[in-house]
Amino acid sequence: TSQYSEEFHLKDRDENVRDIYNRLKQCFLKIKDTISLNSTKYYIGVLDDKNIAFIKFRKRKIVMVVLLPEKEVKNILSSQYHKVVSHSESVQRFWAGNNPNCSVEICDTKHFEEIEILLQKVVSKNEDR
């Protein structure tokens, strides 16, 4: 097994970050119970046959890279509570080859219903590929 685990990523993190991660994990597994989480040194990959999202941990927030176009993500996160960050072309290629992607900064569990809708869209979009 890898030396990197959920505990590795959650060590020395705010309780808030732990809550966000646990909600994300529960939500992904509720949408599709065959999804797996793969811990690496720098992030936790969300896999459904292939990577569909990447969870990166910061001290007080989680940054989640989603494999959806930025415009689509902004439409789903209409409250604008969660910040959507666009990626340069080279960063897009790094995360997902030719697939469009962007990042979502999640600072707490407020407006989490929007995040749940986003996760459902990410999973269903992968099933279409």
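These numbers were taken from a predicted model, which means no experiment stands behind them. (Residues numbered from 1 in each chain as written. Predicted model: local features only at pLDDT ≥ 70, side-chain atom pairs only at ≥ 80, totals over all residues. Heavy atoms only, no water.)

### Observations regarding unusual backbone geometry
Here Asp12, not a glycine, exhibits a phi torsion of approximately 60 degrees, which is positive. Looking at the element boundaries, Asp12 is found in the loop between helix H1 (6–10) and helix H2 (15–31). By relative accessible area, which is 60% here, Asp12 ends up exposed. Non-glycine residue Asp49 carries a positive phi angle of around 75 degrees. (Helix = DSSP H or I, 4+ residues; strand = E, 2+ residues; numbered from the N terminus. Buried < 20%, exposed > 50% of the residue type's maximum accessible area, 1.4 Å probe, protein only.)

### A look at the pairing of strand S1 (residues 36–39)
Pairing of S1 with strand S2 (residues 44–48) involves four bridges; the strand directions are antiparallel. When the bridges of S2 are listed, Asn38 appears paired with Gly45. Counting the residues in the hairpin turn of S1 and S2 gives four residues. (Pairing = 2+ DSSP bridges.)

### Some words on the side chain of Glu105
Looking at where Glu105 falls in the secondary structure, it is placed in strand S6 (residues 102–106). At 3.2 Å, the side chain of Glu105 and the side chain of Lys61 are in polar contact. Glu105 has contacts with Lys61, Ile62, Val63, His82, Lys83 and Val85, leaving out every residue within four places of it along the chain. (Polar contact = N/O pair within 3.5 Å; in protein donor to acceptor, adjacent residues only side chain to side chain. Contact = heavy atoms within 4.5 Å.)

### Re the pattern of salt bridges
In this structure the tally under the stated criterion is eight salt bridges. Glu6 serves as the salt-bridge partner of Lys25, at 3.0 Å between the closest nitrogen and oxygen. A residue pair is termed long-range when its members are at least 10 positions apart, and Lys25 in helix H2 and Glu6 in helix H1 qualify at 19 residues. A residue is classified by how much of its surface remains accessible, and Lys25, at 26% relative accessible area, is partly exposed. Among the charged side chains, a salt-bridge network with shared partners connects Glu72, Lys121 and Lys125. (Salt bridge = Lys/Arg side-chain N within 4 Å of Asp/Glu carboxyl O.)

### Structural notes on the sheet that holds S2
Each strand in a sheet pairs with its neighbour through backbone hydrogen bonds, running either in the same direction (parallel) or in the opposite one (antiparallel). The strand order across the open sheet built from six strands is S1-S2-S3-S4-S6-S5, with neighbouring strands paired in antiparallel fashion. The open sheet has two edge strands with one neighbour each: S1 and strand S5 (83–86). Strand-to-strand twist across the sheet, computed as the mean angle between neighbouring axes with direction ignored, equals 25 degrees. Bridging between strand S3 (residues 50–57) and strand S4 (residues 62–66) involves five bridges; their strand directions are antiparallel. In the strand pairing of S4, Lys56 is matched with Val63. (Axes fitted to C-alpha atoms, helices over the stretch in contact; angles between N-to-C directions.)

### Brief notes about the packing of aromatic side chains
In the structure shown here, the tally under the stated rule is six aromatic pairs. On the basis of an interplanar angle of 90 degrees and a centroid distance of 5.1 Å, the ring pair of Tyr43 and Phe54 is categorised as edge-to-face. Placement of Tyr43 in the loop between S1 and S2 and of Phe54 in strand S3 is noted, with a sequence separation of 11 residues between them. On the numbers, 5.0 Å between centres and 80 degrees between planes, the contact of Phe94 with Trp95 is edge-to-face. Phe94 gets classed as exposed once you look at its relative accessible area, which sits at 61%. Each member of the aromatic cluster is reached from another via a ring pair, and the members are Tyr43, Phe54, Phe94 and Trp95. (Phe/Tyr/Trp six-rings, centres within 6.5 Å; stacked < 30°, edge-to-face > 60°.)

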